[in-house]
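A look at the structure
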Amino acid sequence: MTDRITRRDVLKFGTTAAASVALRPLVERSMETRAMEPDHQLASITENMDTPAASDSDICFLSARRMADLIRQKRLSAREVMRAHLRQIDRVKSKVNAIVTLVPADELMAQALAADESTLRGNLKGPLHGLPVGVKDLHPTRGIRTTFGSPLHKNDIPNFDCLVVEREKNAGAIVIGKTNVPEWGLGSQTFNPVFGPTLNPYDLTKTCGGSTGGGSVALACGMVPLADGSDMGGSLRNPPNFCNVVGLRTSPGRVPNPPSTLGWFTLGVAGPVARSVTDCAFFLSALAGFDRRSPISIDQSGSQFSQSLAGRNFKGVRVAMFKDMDLPWEPEVKNAVQAQHKVFQSLGCIVEEAEPDLSDANECFVAWRHWSIEASFGDILEANSGKLNEYVRWHVEEGRKLTGHYLSRVESKRTALYQRMREFMEKYEFFILPVNQVLPFDVKTHYPVEIAGVKMENYIAWMKSAYYISVAGNPAISVPCAFSESGLPIGIQIVGRHNDDWGVLQMAYAFEQATNVGKRRPAAV
């Protein structure tokens, strides 16, 4: 019998672990024979597209916001959308291994039919009505396998949805399946013993990053229009950076996601991934908002993020461009991001080479990561030491060495870091730097062991340019900015003031419109 996971089970594992769904077969049969025919009352998209006949690609690479508008206007049916995405998944899935649990086609088509019937009645459920969405395999989904990339949960089925999924469904989205993650979401390289690695669609020999790797690849390949994710050390920024899509690390509390045993914990956040900044904001409008179950939940409606991002005048806005942050860099990454200063100048910004004092950021992040993972996995490790990877064991061992005296000093250092960052951001509205320090690396390599001749001290040390921002608590977005000589994506990280997710999105949109790098599709498609 397939195990079922409850909310109580999830709370045993903490914020990075939980439930899952019985193995469902991937769709092998023809989508045409399983799908229901579009209703005659729903006008064909072909009358409203630039091309005389809309292909699956035309549909799958529409912006999510445009797709939702066409469904609402009855110019495109939810069934046409679902069918196109199922065909795209069928074509691409074996190349990249991004979606690891796919809801059966007949169930998805039935949900799409229900969405179309609601549209005809004028009863749209919400802004995401009829849109397929990919859910990260760390987020519990009712009746759909959720494995966390762990053999411990490879056949589990939750009996509930986490809040992120609940909000997606309440907004009208249809969960198409689960996207691949590193085991337990640890490390920014998406591979695990249950499903294996997810490959970078721009070079199938490279990693896509992690832990929102499957979602980022699925977006880049047109397999989904939207994907959710989470971020502690860079998981909403690094995979988009490696895959030429957009990901926003939201402010802590902007997207609450209970259940959790660590309700006051600010390093881990949930948020959106999309192919454009506009779609990222559009998705955030459905995910964000107050929830009393989260003690740090921000008491603001998500509706603010549905507004137009265009029109802001950035003349005179002060922007800080990083120097080196005392970190090693692959030259192509560093040079590509620093070359973007001219783009910000063209927007009217005053660009200066400057960076905040982030001393103690590394110590603070690593200490609280050890603490949180020991809290989540300490009891599990006792009974399953052979079934948990070396990253979990290391964190638990180090977490058990922490003392109250030491953690109080670390928290004092983190508070001082926050104040330095606040003072810096009072002078500069935005801080610009790379997402991380390297290009996408070989998918067979678990993590970079050195950068520019500098040895990395552990499996996450190469991600400092991302997790330094996590520990400071500021919102940050990854937006495509360039490609390497070998054709690998390079993203830029735009950091905003405390809780100013909207300002970050506005600047990211202006940058995106000035560069258009994100329009380049991967070879795997």
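Everything quoted here is computed from the prediction, not taken from an experiment. (Residues numbered from 1 in each chain as written. Predicted model: local features only at pLDDT ≥ 70, side-chain atom pairs only at ≥ 80, totals over all residues. Heavy atoms only, no water.)

On to the packing of helix 4 (residues 64–72) against helix 10 (residues 277–287), then. Packing of helix 4 against helix 10 leaves a shortest axis separation of 8 Å and a crossing angle of 60°. Considering their axes alone, helix 4 and helix 10 lie oblique with respect to each other. Mapping the contact onto sequence places A64, R65 and A68 in helix 4 and T278, D279 and F282 in helix 10. Per-class residue counts for the contact of helix 4 with helix 10 are three nonpolar, one polar and two charged. (Axes fitted to C-alpha atoms, helices over the stretch in contact; angles between N-to-C directions. Helix = DSSP H or I, 4+ residues; strand = E, 2+ residues; numbered from the N terminus. Parallel < 35°, antiparallel > 145°, perpendicular 65-115°, else oblique. Contact = heavy atoms within 4.5 Å. Nonpolar A, V, L, I, M, F, W, Y, C, P; charged D, E, K, R; others polar.)

In this section: the pattern of salt bridges. For the structure shown, the criterion picks out 21 salt bridges. One salt bridge connects D137 with K178, and the closest N-O pair in it is separated by 3.6 Å. A residue pair is termed long-range when its members are at least 10 positions apart, and D137 in the loop between strand 3 (132–136) and strand 4 (157–158) and K178 in strand 5 (residues 174–179) qualify at 41 residues. In this structure, the salt-bridge partner of D231 is R249, at a minimum N-O distance of 2.9 Å. Separated by 18 residues along the polypeptide, D231 in strand 8 (residues 227–231) and R249 in strand 9 (residues 246–249) bring together distant segments of the chain. As far as burial versus exposure is concerned, D231 and R249 are alike and both buried. The network of salt bridges with common partners includes D56, R87 and R91. (Salt bridge = Lys/Arg side-chain N within 4 Å of Asp/Glu carboxyl O. Buried < 20%, exposed > 50% of the residue type's maximum accessible area, 1.4 Å probe, protein only.)

What follows covers the packing of aromatic side chains. Each aromatic ring pair is specified by the distance between its two centres and by the angle formed by the two planes. Counted according to the given criterion, the structure contains 17 aromatic pairs. Arranged with centres 5.6 Å apart and planes meeting at 55°, the rings of Y202 and F483 form a pair that is tilted. Of this pair, Y202 sits in the loop between strand 6 (199–200) and strand 7 (203–207) while F483 is found in strand 16 (residues 476–483), placing the two residues 281 residues apart along the sequence. What makes Y202 buried here is its relative accessible area of 14%. Geometrically, the ring pair formed by Y391 and Y459 is stacked, given 3.9 Å between the ring centres and 5° between the ring planes. Taken together, the residues span a long stretch of sequence, with Y391 in helix 14 (residues 390–399) and Y459 in the loop between strand 15 (454–455) and helix 16 (464–472) at a distance of 68 residues. Judged by relative accessible area, which is 8%, Y391 ranks as buried. Grouped by ring-pair contacts, the aromatic residues F148, W184 and F377 constitute a single cluster. The ring of F483 carries the charged tip of R520 above its face, separated from the ring centre by 3.9 Å. (Phe/Tyr/Trp six-rings, centres within 6.5 Å; stacked < 30°, edge-to-face > 60°. Lys NZ or Arg CZ within 6 Å of the ring centre and 35° of its normal.)

Between helix 13 (residues 361–384) and helix 14, the shortest axis-to-axis distance is 7 Å and the interhelical angle comes to 105°. Comparing the axis directions of helix 13 and helix 14 gives the class roughly perpendicular. Side by side, helix 13 and helix 14 meet where R369, H370, I373, E374, F377, G378 and L381 of the first sit next to V392, R393, W394, H395, V396, E398 and G399 of the second. Of the residues that constitute the contact of helix 13 with helix 14, the class distribution is six nonpolar, four polar and four charged.

Mapped onto the elements of the fold, S150 is located in the loop between strand 3 and strand 4. S150 gets classed as buried once you look at its relative accessible area, which sits at 0%. Ignoring sequence-local partners within four residues, the contact set of S150 consists of E183, W184 and V194.

Counting buried positions along strand 13 (residues 430–434) gives five out of five residues, so the element sits mostly inside the fold. Strand direction decides the pairing type here: strand 11 (residues 318–321) and strand 13, joined by three bridges, are parallel. Within strand 13, the residue paired with M321 across the bridge is I432. For strand 13 and strand 17 (residues 489–495), the ladder comprises four bridges, and the chain directions are antiparallel. Bridge pairing in strand 17 places P434 opposite I492. (Pairing = 2+ DSSP bridges.)

Here the focus is the environment of C243. One can find C243 in helix 9 (residues 238–243). Taking the C-alpha atoms as reference points, C243 and Y202, separated by 41 residues in sequence, lie 7.2 Å from one another.

For the rest of this paragraph, the subject is helix 6 (residues 105–120). Taking 1.5 Å per residue as the helical rise, helix 6 with its 16 residues ought to reach 22 Å, and the 22 Å between its terminal C-alpha atoms agrees with that figure. For helix 6, the set of buried residues is A105, L108, M109, A112, L113, A115, D116, S118 and T119. Immediately beyond the C-terminal end of helix 6, within one or two residues, lies G122, with a positive phi of roughly 75°. (Expected span 1.5 Å × (residues − 1).)

Before going further, it helps to examine the nonpolar core. Looking at soluble globular proteins, one finds that nonpolar side chains tend to be buried together. Counting residues in each nonpolar core, the largest one holds 158 residues, and the members touching the most others are F431 and I494. Of all the elements, helix 13 adds the most residues to this core, at ten residues. In contact with F431, not counting residues within four places along its chain, are A320, F322, M325, A354, E355, P356, F424, M425, I469, Q493, I494 and V495. (Core = buried A, V, L, I, M, F, W, Y, C linked by side-chain atoms within 4.5 Å.)

As a general feature of sheets, a regular strand has side chains that alternate between the two faces. Counting buried residues in strand 16 gives eight out of eight residues, a clear majority hidden from the surface. The pairing of strand 9 with strand 16 spans three bridges and is classified as antiparallel. From the neighbouring strand, G247 faces strand 16, where its bridge partner is S478. Bridge analysis of strand 16 against strand 17 gives seven bridges, and the strand direction is antiparallel. Bridge pairing in strand 17 places V479 opposite I492. Hairpin connection between strand 16 and strand 17: a loop of five residues separates the two successive antiparallel strands, and G487 in this loop has a positive phi of roughly 85°.

Any functional reading would require information that these geometric values do not contain.
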